[in-house]
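# Residue-level structural notes
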Amino acid sequence: MIKKLLYGILIFSAVMLISGCGKDDAINTDSSSGQISVQTEPKTTEQSSNQTVTENPSENPLTKTNELTAEPEEIKTEELFIEQVYSSTHHSVKILGLKEYKKLEEEKYTDKPSKGKKYLVLFLSIKNTGTEDDYINANYVHGEIDGTEIEHTFLVNSPRNYLPVFKHIPAGGTIEGFIVWEVPKNWKKLVFYYDGWQYTDEIFLKCTLKKKDLFNPPIYSGTNLNISQ
């Protein structure tokens with residue numbers, strides 16, 4: 001009986017020992033898994049910041065050298081003369097006439113200059129020899145009368161049946177029109193510039209006119225108006 005009891009105790013002890021070993025193995029397994037996760041976790045921010053990355057400067061937009069844009073060619077000042085056609089890359093210009101008016105009168109309205117002044121009207125023919133449409137812009141006209149800056153003005157009436165030159169010119173087309181200034185009666189020299197072609201023809205167009213240059217343009221074959229000359 002005693003032998004059976006001792007034998008039972010030994011069996012129970014052996015079973016408990018085996019069961020305890022199983023728990024230790026599970027703990028070790030978890031512990032070893034923890035070690036693997038530690039070994040395989042990503043690098044810290046500090047480690048990443050210390051990492052040296054070699055880049056090709058030509059592929060890095062931060063290190064690229066900005067390409068220098070080609071400098072525009074120098075804008076030239078070109079002269080427009082009486083009785084001489086001026087030609088540029090995209091335009092052809094001819095003076096048709098230069099005329100003074102004390103007033104311009106029609107049935108419905110009379111244009112009158114300021115006291116002590118008269119109208120000085122420049123008549124032009126402009127051809128667009130380029131391949132794109134163009135527009136003669138009034139904002140690009142600048143004038144000087146006897147060294148003093150002067151603004152061009154407008155007329156209700158149409159001198160010699162012409163209309164203002166500020167209009168659209170189709171490619172290959174030609175327009176005829178006028179620019180008008182109020183000038184002193186005893187004016188001596190008018191200088192005007194047109195800089196609307198600086199980006200197409202790379203020029204400033206300049207014209208110097210004096211009293212000796214006055215002459216009548218041909219009457220424009222547009223509308224018939226009774227113009228007082």
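That block above? That's the structure.
Keep in mind that what you see is a predicted model, and the values were worked out from it rather than measured.

What counts as what
- Residues numbered from 1 in each chain as written.
- Predicted model: local features only at pLDDT ≥ 70, side-chain atom pairs only at ≥ 80, totals over all residues.
- Heavy atoms only, no water.
- 1 Å grid on protein atoms, 1.4 Å probe; cavity = no way out; pocket = protein on both sides within 12 Å on 5 of 7 lines; lining within 4 Å.
- Points joined across faces, edges and corners; volume = space filled by probe spheres on them.
- Helix = DSSP H or I, 4+ residues; strand = E, 2+ residues; numbered from the N terminus.
- Nonpolar A, V, L, I, M, F, W, Y, C, P; charged D, E, K, R; others polar.
- Pairing = 2+ DSSP bridges.
- Axes fitted to C-alpha atoms, helices over the stretch in contact; angles between N-to-C directions.
- Patch = residues over 30% accessible without salt bridge, like charges linked within 9 Å, V, L, I, M, F, W, Y side chains within 5 Å.
- Areas by Shrake-Rupley, 256 points an atom, 1.4 Å probe, with all protein chains shown as cover.
- Salt bridge = Lys/Arg side-chain N within 4 Å of Asp/Glu carboxyl O.
- Buried < 20%, exposed > 50% of the residue type's maximum accessible area, 1.4 Å probe, protein only.
- Core = buried A, V, L, I, M, F, W, Y, C linked by side-chain atoms within 4.5 Å.
- Contact = heavy atoms within 4.5 Å.
- Phe/Tyr/Trp six-rings, centres within 6.5 Å; stacked < 30°, edge-to-face > 60°.
- Lys NZ or Arg CZ within 6 Å of the ring centre and 35° of its normal.

## So, empty space enclosed by the protein
Summed over the entire model, instances satisfying the criterion amount to one cavity of 30 Å³ or more. Approximately 80 Å³ is the volume found for the largest cavity. Around the largest cavity, the lining residues are Val-93, Leu-124, Ile-126, Ile-136, Val-141, Val-165, Ile-179, Phe-192, Tyr-194, Trp-197 and Leu-205. Contributing elements (two or more residues each) for the lining of the largest cavity: strand 6 (117-128) and strand 13 (189-194). For the lining of the largest cavity, the residue count by class is eleven nonpolar, no polar and no charged.

## Notes on the sheet that holds strand 8 (residues 141-145)
Where strands meet in a sheet, backbone hydrogen bonds hold them as pairs that are either parallel or antiparallel. Pairing within the open sheet is mixed, and its five strands lie in the order 1-14-13-8-9. Each of the sheet's edge strands pairs with one partner strand only, and the pair in question is strand 1 (76-80) and strand 9 (148-150). Adjacent strand axes in the sheet meet at a mean angle of 25° when their direction is disregarded.

## Side note on a nonpolar patch on the surface
On the surface, a cluster of nonpolar side chains totalling about 340 Å² of accessible area is made up of Tyr-109, Phe-154 and Val-156. Inspection of the secondary structure assignment puts Tyr-109 in the loop between strand 4 (104-105) and strand 5 (110-111).

## So, the environment of Ser-221
Mapping Ser-221 onto the fold places it in the segment after strand 14 (203-210). A residue is classified by how much of its surface remains accessible, and Ser-221, at 71% relative accessible area, is exposed. Here the alpha-carbon distance between Ser-221 and Asn-161, two residues 60 residues apart in the chain, equals 7.2 Å.

## Some remarks on the nonpolar core
Core analysis: the largest hydrophobic core is formed by 29 residues, its most contacted members being Ile-126, Ile-136 and Trp-181. Among residues more than four places away in sequence, those in contact with Trp-181 are Lys-118, Tyr-119, Leu-120, Leu-122, Val-141, Gly-143, Ile-150, Glu-151, His-152, Thr-153, Leu-190 and Phe-192. Counting ten residues, the second-largest nonpolar core is a separate cluster that includes Leu-96, Tyr-162, Phe-178 and Val-180.

## Focus: the sheet that holds strand 10 (residues 152-153)
Taken in spatial order, the five strands line up as 2-3-6-12-10 in an open sheet, and their pairing is antiparallel. Two strands lie at the open edges of the sheet, namely strand 2 (86-87) and strand 10, each paired on one side alone. Sheet analysis places strand 6 next to strand 12 (residues 174-184), joined by eleven bridges and oriented antiparallel. Bridged to Lys-117 within strand 12 is Pro-184.

## Topic: the environment of Leu-96
With respect to the helices and strands, Leu-96 occurs in strand 3 (residues 91-101). Using a relative accessible area of 11% as the deciding quantity, one classes Leu-96 as buried. Once the C-alpha coordinates of Leu-96 and Ile-219 are considered, the two residues, 123 residues apart in sequence, prove to be 10.0 Å apart. In contact with Leu-96, other than residues within four places in its own chain, are Phe-123, Leu-124, Ser-125, Tyr-162, Glu-176, Phe-215, Asn-216, Pro-217 and Pro-218.

## A closer look at the packing of aromatic side chains
Where two aromatic rings form a pair, the distance of their centres and the angle of their planes describe that pair. Per the stated rule, a full pass over the model turns up five aromatic pairs. On the basis of an interplanar angle of 75° and a centroid distance of 5.2 Å, the ring pair of Tyr-194 and Trp-197 is categorised as edge-to-face. Assessed through its relative accessible area of 6%, Tyr-194 is described here as buried. The buried category is assigned to Trp-197, whose relative accessible area is 2%. Of the aromatic side chains, those joined through ring pairs into one cluster are Phe-123, Tyr-162 and Tyr-220. Geometry around Tyr-101 places Lys-99 over its ring, the cationic atom sitting 5.4 Å from the centre.

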